[in-house]
Amino acid sequence: MSAPRRRRDRVLEWLAEHDLDAMLVKSPANMRYLTGFTGEGFAVVAVVGQAVSTDSRYAIEAKEEARGYKTVMSPDGHLAGAIKFLGEIECRALAFESEAMTYGEYETLRKKLRGVKLKGVKGVVEERRRVKDSAEIALIRQAAAIADRALAPLLATPPLGITEKEFALRLQTEMLRAGADSIAFDTIAAVGPNAARPHAVPGSDVLRRGQMLKVDCGACLGGYRSDITRTVFLGKPTRQFREVYSAVYEAQQAAVRAVRAGVEAAELDRIARRVLDERGYGDKFGHGLGHGVGLQVHEGPGLGSRSKDVLQKGMVVTVEPGVYIEGWGGVRVEDTVLVTARGCEVLTNTPKLEFG
Ligand code: ZN
Ligand code: ZN
């Protein structure tokens, strides 16, 4: 049985358990996961029939990718097409993704589907996406290798005298050249004090000797993403940089060593935080330790201090502590790792700085 079909069957089981006839799927990642369809629109998953509602721009993709799904199109839009199909299959109780639908779309459902029970749900498909199958892991592994092939040479001899924007552009070009379908997310390249912003947007500041450079990037292949951050120093590292970097590096390595199936995600965050606390940087690590990676660059499980998640074999997560000091800069080290029964496999392998 194909992966989309197996995934759809699990959603159908869930619907049956909850006395629902159909689920209306809007989230692009969930739609791709369930149907294989990469275009825009809605999917309807029901025991009595499945459809993708789209428009002529994606008609060929819908037919080729969403096997076993009827393609529906309405001149009144994607939602209208889905509603028409729900009428055809006589849906009486419908689940919809409360976090993906707009309020306007919800009002349309209420108006057009009078008498149909509407139930907003969240996480139904997302929870099933957390543990990856072997085909998904293979794509993430390749996406990670592609990012490494682009990033490692650029960081081995960083080009000086170009802007952050130009650096990001070169990195993105190299990822596409190395086989990426697209970039996984907007590349971050930040020099000097700009590195104090965890999600800095590349600008016109120039890479010069005597500055740190923080780079966060990822490649996308077959819909699956990788995520890696490296921080380097252009020229001879200052003492403060070495201190901060060593603290972040050791926090990251300690957390990576602790990753395995069965460990609480929050415990990993604590392990990294403890190292940074001991070095006096605990209050400079504002974000969570990491996140799941897959069809979206940020998905479950969460690896923050408040996470209730427990890691399972087959999850792919990032481990990315950082220290950010306003006016000075910031250091983050991030790897994407595959959780295994006894540990993890690090998928991102661009060399890291190491100070002995
Ligand atoms: Zn990242
Ligand atoms: Zn990340």
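Since this is a predicted model, take the numbers as computed values, not measurements. (Residues numbered from 1 in each chain as written. Chains lettered and ligands numbered in written order. Predicted model: local features only at pLDDT ≥ 70, side-chain atom pairs only at ≥ 80, totals over all residues. Heavy atoms only, no water.)

Asker: Now, about the nonpolar core: what can you tell me, with residues and values included?
Answerer: Counting 40 residues, the largest nonpolar core has V244, L268, L289 and L311 as its most contacted members. Looking at this core, the elements with two or more residues in it are β8 (188-191), α9 (239-258), α10 (265-278), β15 (316-319), β16 (322-325) and β18 (335-339). In contact with L268, other than residues within four places in its own chain, are A255, A258, V259, V263, L289, L303 and L311. Core analysis: the next-biggest nonpolar cluster, separate from the first, contains 33 residues, L12, A29, Y69 and I137 among them. (Core = buried A, V, L, I, M, F, W, Y, C linked by side-chain atoms within 4.5 Å. Buried < 20%, exposed > 50% of the residue type's maximum accessible area, 1.4 Å probe, protein only. Helix = DSSP H or I, 4+ residues; strand = E, 2+ residues; numbered from the N terminus. Contact = heavy atoms within 4.5 Å.)

Asker: Describe unusual backbone geometry, and please don't skip the residues or the numbers.
Answerer: The omega torsion across G300 and P301 is 0°, close enough to zero to call that bond cis. Its place among the elements puts P301 in strand β14 (residues 299-302). A positive phi is found at D19, a non-glycine position, where the angle reads about 55°. The residue D19 is located in the loop between α1 (3-17) and β1 (22-25) in this model. A relative accessible area of 63% means that D19 is categorised as exposed. For E90, which is not glycine, the phi dihedral falls at a positive 55°. Its location among the elements puts E90 in the loop between α4 (78-88) and β5 (93-97).

Asker: How would you sum up the coordination of the zinc ion (ligand 2)? Please name residues and give values.
Answerer: At this site the zinc ion (ligand 2) is bound by D227 (OD), H291 (NE2), E320 (OE) and E334 (OE), with donor distances of 2.1 Å. Taken in sequence order, the residues that donate to the zinc ion (ligand 2) follow the motif D-x63-H-x28-E-x13-E. A gap of 3.1 Å separates the zinc ion (ligand 2) and the zinc ion (ligand 1), which D227 links by coordinating each metal. Residue H291 is found in strand β13 (residues 291-292), and its partner E320 is found in the loop between β15 and β16; the two are separated by 29 residues along the sequence. Here H291 and E320 have matching classes, each one buried. (Donors = N, O, S within 2.8 Å, 3.2 Å for Na, K, Ca; no water.)

Asker: Can you tell me about the pattern of salt bridges, naming the residues and giving the values?
Answerer: The tally for this structure, following the rule as stated, stands at 24 salt bridges. Of the charged contacts in the structure, one is a salt bridge between K26 and E105, with a shortest N-O distance of 3.2 Å. Of this pair, K26 sits in the loop between β1 and α2 (28-35) while E105 sits in helix α5 (residues 103-112), placing them 79 residues apart in sequence. On the accessibility criterion, K26 (22% relative accessible area) is partly exposed. (Salt bridge = Lys/Arg side-chain N within 4 Å of Asp/Glu carboxyl O.)

Asker: Explain the side chain of T318 to me, and be specific about the residues and the numbers.
Answerer: Note that T318 resides in strand β15. Only 2.9 Å separates the side chain of T318 from the side chain of E320, close enough to count as a polar contact. Those residues in contact with T318 that lie beyond four places of it in its chain are D227, L289, G290, H291, V293, L303, E334, D335 and T336. (Polar contact = N/O pair within 3.5 Å; in protein donor to acceptor, adjacent residues only side chain to side chain.)

Asker: Let's hear about the sheet that holds strand β11 (residues 224-225): which residues, and what values?
Answerer: What the three strands build is an open sheet, ordered β7-β10-β11; its pairing is antiparallel. If you trace the sheet from one side to the other, it starts and ends with β7 (182-183) and β11, each paired once. Pairing geometry for β7 and strand β10 (residues 219-221), over two bridges, is antiparallel. Looking at β10, one finds that S182 is bridged to C220. (Pairing = 2+ DSSP bridges.)

Asker: Talk me through the coordination of the zinc ion (ligand 1); I want residue IDs and the actual numbers.
Answerer: Reference geometry at the metal: tetrahedral coordination by four donors gives ideal angles of 109.5 degrees; octahedral coordination by six donors gives 90 or 180 degrees. Within the first shell, the zinc ion (ligand 1) binds the protein through D216 (OD), D216 (OD), D227 (OD) and E334 (OE), at distances of 2.0 to 2.4 Å. For the zinc ion (ligand 1), the four donor atoms in the first shell make angles of 57 to 148° at the metal, a pattern classed as irregular. Each donor residue of the zinc ion (ligand 1) belongs to the same chain, with the gaps between them written as D-x10-D-x106-E. For E334, a relative accessible area of 0% gives the class buried. (Tetrahedral: all angles 85-135°; square planar, octahedral: opposite > 155°, others 65-115°.)

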